[in-house]
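Single-letter residue listing:
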Amino acid sequence: MLSWGNLHEQFGTEYADQKDFKRRFLATLKKVRGVYKEARIDQVRGGVRIYDSADPTQDGRCGGAAGAGFQERPEGCSGCVAARV
């Protein structure tokens, strides 16, 4: 399990209040699930539990490569997943 404290320390240091970070994290997680439906993530008491999930890039999309600093999308990429979140 990833605790809210660990997640806040890793991804949310710009949020003074951990509750604000948690609220924003869960809203973003909802958007991610809309794009990556195979993601197996549960909110549990004290944090989130992430399970092994199907690879999101198996459908030929770039999986966010263009938004992750790459100059071009891989051949056959139908759109940037990261841009939709």
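Residues numbered from 1 in each chain as written. Predicted model: local features only at pLDDT ≥ 70, side-chain atom pairs only at ≥ 80, totals over all residues. Heavy atoms only, no water.

## Observations concerning helix α1 (residues 4-11)
All buried positions along α1 are accounted for by Trp4, Leu7 and His8. Summarising the axial view, the buried residues of α1 lie within an arc of 100°, below the 170-degree limit, and thus occupy one face. For α1, exposure combined with an orientation more than 90 degrees from the buried face picks out Asn6, Glu9 and Gln10. (Buried < 20%, exposed > 50% of the residue type's maximum accessible area, 1.4 Å probe, protein only. Helix = DSSP H or I, 4+ residues; strand = E, 2+ residues; numbered from the N terminus. Arc of directions from axis to C-beta.)

## Considering the packing of aromatic side chains
All told, the structure shown has three aromatic pairs when counted by the stated rule. Relative to Phe25, the ring of Phe21 lies with its centre 5.6 Å away and its plane at 50°, an arrangement referred to as tilted. Of this pair, Phe21 and Phe25 both sit in helix α2 (residues 18-35), four residues apart, which is roughly one turn of that helix. One aromatic cluster is present, built from ring pairs that chain together Trp4, Tyr15, Phe21 and Phe25. (Phe/Tyr/Trp six-rings, centres within 6.5 Å; stacked < 30°, edge-to-face > 60°.)

## Overview of the pairing of strand β3 (residues 47-50)
Alignment of strand β1 (residues 2-3) against β3, held across two bridges, turns out to be antiparallel. Note that in β3 the partner of Leu2 across the bridge is Val48. Bridge count for strand β2 (residues 41-44) against β3 is four bridges, and the pairing is antiparallel. When the sheet's bridge partners are listed, Asp42 is paired in β3 with Arg49. The loop that links β2 with its antiparallel partner β3 comprises two residues; one of these, Gly46, has a positive phi angle of about 95°. (Pairing = 2+ DSSP bridges.)

## Looking at the pattern of salt bridges
The full count for this structure, using the stated rule, is one salt bridge. As a salt-bridge pair, Asp20 and Arg23 come within 2.8 Å of each other at their nearest N and O atoms. With Asp20 and Arg23 both in helix α2, this residue pair falls three residues apart, about one helical turn. (Salt bridge = Lys/Arg side-chain N within 4 Å of Asp/Glu carboxyl O.)

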